[in-house]
Amino acid sequence: MTTTAAAAASSIPMIGSAATSGKGSIVWPAIIVGSGYGGAVSAYHLTANKISTLMLEMGKRWPHRDHPFHPMLTPGLSSIWLKSWNILPFGLNLPVPYYTGVLDRVDLPGKQVYVGRGFGGGSLVNGGMAVTPKRDYFRDILPRVSDQEMYERFYPLARGRLMVNSIDPAWFGRTDWYKFARVGIDQAQKAQFATAMVPNVYNFKFMRGEDEVPNHPRSALRGEVIMGNNYGKKSLDRTYLSMAEATGFLNVRDLTRVSTIRQTKNGEFELSIDQLNTDGSVASSSTLRCQRVFLNAGSLGTTELLLRSRSSGDLPNLVDSLGEGWGDNGNIMTGRAFTSATGASQSSIPVLGIDNWNDPNYPFFAEVAPLPAGVELYTSLYLAITRNPNRGRLSLENGTGKLTLNWPDSNNAPAIASARHLVDRMNDANGGLYANLLFPSGTASGFTYHPLGGALLGSVTDYYGRVKGHKGLYVMDGSLLPGNVGVNPFLTITALAERNMEEVIKDFASV
Ligand code: FAE
């Protein structure tokens, strides 16, 4: 759904209303770039305060009533962002329709970065795991943010607004769909690893209905997740963004990509935008104006826009540390074959973690990941988040001006060591071999689902996401976080954005 600024400005009675400037174009009180976690929390707070807000999202808005999404083994039109082949780690390069689908992979030197595209950002494609980091690790990575405030106030607030819930232990204990996770618990216990059940934004009552109620619509039990869920998952378009739209103060333009941001002499901002067709071509280009910009294009998108705008002289005062502190959250995938039967039917939503975070030598938190192939593979799959202290730097490549990353292979060494420790100890205790058919070298460290950093809190921004050097410009997304949060990141991105927005909304008092 697309609402024009002009229509919105004339129809909404607002405190901070979009004003017509002397030149006749609309000046929005606030524009948000990107509709993932940072963008959605920004939208919630701005609109709750009756600030007329325009949200620009380069991906497409997919109405849930159309049930547009496909299982990951049979991708379709809505699945992949502007590629003609399946980009999944096990996608075998099979052909897919070239369209503005939900899952994208940005290939940078040393790292393939998976991201969500569409109204809802990463929430459309992620596994929904809503995990709180260990409190002492949080203190390590963000020492200037009060952990008391975060753990007593903002994490619970974020969990509530994201509609996080937990699986019923009795159903988990008996359903065939989670045999793979129960096997994970048994085998981890034999290997003397601790395990933890993990909350999720997928509605587990709905999932149980998928299992037990005849003719119930299926999503998690139909292999849907990484290319969108038609039902069950409380993606942001069903939570924060829907609450923001219900206020009447949020206007959304999808398929709208921001290319540069310029601050003018009077302190306002001009955003250059391209309206995209669903084949990726540019239908039209124009400029939008606003008083404040909330930049939430994700770690790569936000950092790239800032780098580009600095290099063109449009945001000349951005600090030198822009692009630094980027990390892959220690992501690494591995697996074990010829182990116990893990079940032919597997829910696509993970609920179990193997928690070895406090091991000083091989720290990791490993999601026991589903492999919903529909046949018994006697294989266990793990997406491990390791404590990898190595960081890269995002920058623009000389000559081409394309986003690039400095990430030597040696940066992956701590992740590989921890992942191998996981597999070796599990195999020693339970039997089994490295799943070399899936991962020829035993582990896959050349990708990440969790890009973090590039515009670090307290460095590129102040301690609340206000960008240094450009008053009125804010960042609230994963680019604030220093490369590794120790668990799956969206709950921390959301909770931190809640904390920051509660503070920066006070900046509007003067408007
Ligand atoms: P993000 O959600 O990426 O949103 C950024 C938005 O900005 C996107 O919609 C972009 O299309 C849009 N955008 C980018 N550039 C532009 C531009 N120039 N103009 C206009 N729009 C633009 O950012 N995390 C968990 O905690 N639990 C999980 O279970 C989990 N599973 C995952 C599985 C997969 C396959 C993937 C890819 C990620 C997973 N994640 C998971 C990571 C999580 O989704 C990610 O950390 C957050 O989505 C990042 O939130 P941001 O707000 O930073």
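Here is what the cut-offs are and how they apply
- Residues numbered from 1 in each chain as written.
- Predicted model: local features only at pLDDT ≥ 70, side-chain atom pairs only at ≥ 80, totals over all residues.
- Heavy atoms only, no water.
- Helix = DSSP H or I, 4+ residues; strand = E, 2+ residues; numbered from the N terminus.
- Rg over C-alpha atoms; globule rule 2.2 N^0.38 Å.
- Buried < 20%, exposed > 50% of the residue type's maximum accessible area, 1.4 Å probe, protein only.
- Areas by Shrake-Rupley, 256 points an atom, 1.4 Å probe, with all protein chains shown as cover.
- Lys, Arg positive; Asp, Glu negative; His and termini not counted.
- Charge placed at Lys NZ, Arg CZ, Asp CG, Glu CD.
- Contact = heavy atoms within 4.5 Å.
- Axes fitted to C-alpha atoms, helices over the stretch in contact; angles between N-to-C directions.
- Parallel < 35°, antiparallel > 145°, perpendicular 65-115°, else oblique.
- Nonpolar A, V, L, I, M, F, W, Y, C, P; charged D, E, K, R; others polar.
- Near = heavy atom within 4 Å.
- Polar contact = N/O pair within 3.5 Å; in protein donor to acceptor, adjacent residues only side chain to side chain.

Visitor: Account for the overall build of the protein, naming residues and giving values.
Guide: In terms of helices and strands, the protein carries eleven helices and 20 strands. For 511 residues, the compact-globule formula gives about 24 Å, and the C-alpha radius of gyration of the protein, at 22 Å, lands near that figure. C-alpha extents for the protein along the principal axes are approximately 75 × 50 × 45 Å. The buried share of the protein, reckoned over its 511 residues, is 59%. Carbon and sulfur atoms provide 52% of the accessible area of the protein, an area that totals close to 19100 Å². Computing the positive centroid from 47 side-chain charges and the negative centroid from 42, the protein places the two 3 Å apart.

Visitor: Break down the environment of A220 for me, citing the residues and quoting the values.
Guide: As for its position among the elements, A220 is in the loop between α7 (204–212) and α8 (240–246). With 124 residues separating them in the primary sequence, A220 and A344 have C-alpha atoms 14 Å apart. Apart from residues lying up to four places away in sequence, A220 is in contact with Y202, M207, E210, N229, Q346, S347, S348 and I349.

Visitor: Outline the packing of helix α6 (residues 179–190) against helix α10 (residues 413–430), supporting the account with residue identities and numerical values.
Guide: Where α6 contacts α10, the axes come no closer than 8 Å and their chain directions differ by 90 degrees. Considered as vectors, α6 and α10 are oriented roughly perpendicular to each other. Across from G184, Q187, A188 and K190 in α6, the residues of α10 making contact are M426, A429 and N430. Taken together, the residues that form the contact of α6 with α10 break down as three nonpolar, three polar and one charged.

Visitor: Please give an account of the site of the ligand that cites residues and values.
Guide: By nearness alone, 36 residues border the ligand, and E57, G122, M129, G478 and F490 come closest of all. One of the side-chain N or O atoms of E57 is found 2.7 Å from an oxygen atom in the ligand. Summarising the interface, the protein chains cover 94% of the accessible area of the ligand, which totals 1000 Å² for the free molecule. Elements supplying a minimum of two residues to the shell around the ligand: α2 (37–48), β5 (111–116), β8 (256–263), α9 (298–311) and α11 (490–504). With three residues, β8 is the single largest residue contributor to the shell around the ligand. Taken together, the residues of the shell around the ligand sort by class into 15 nonpolar, 17 polar and four charged.

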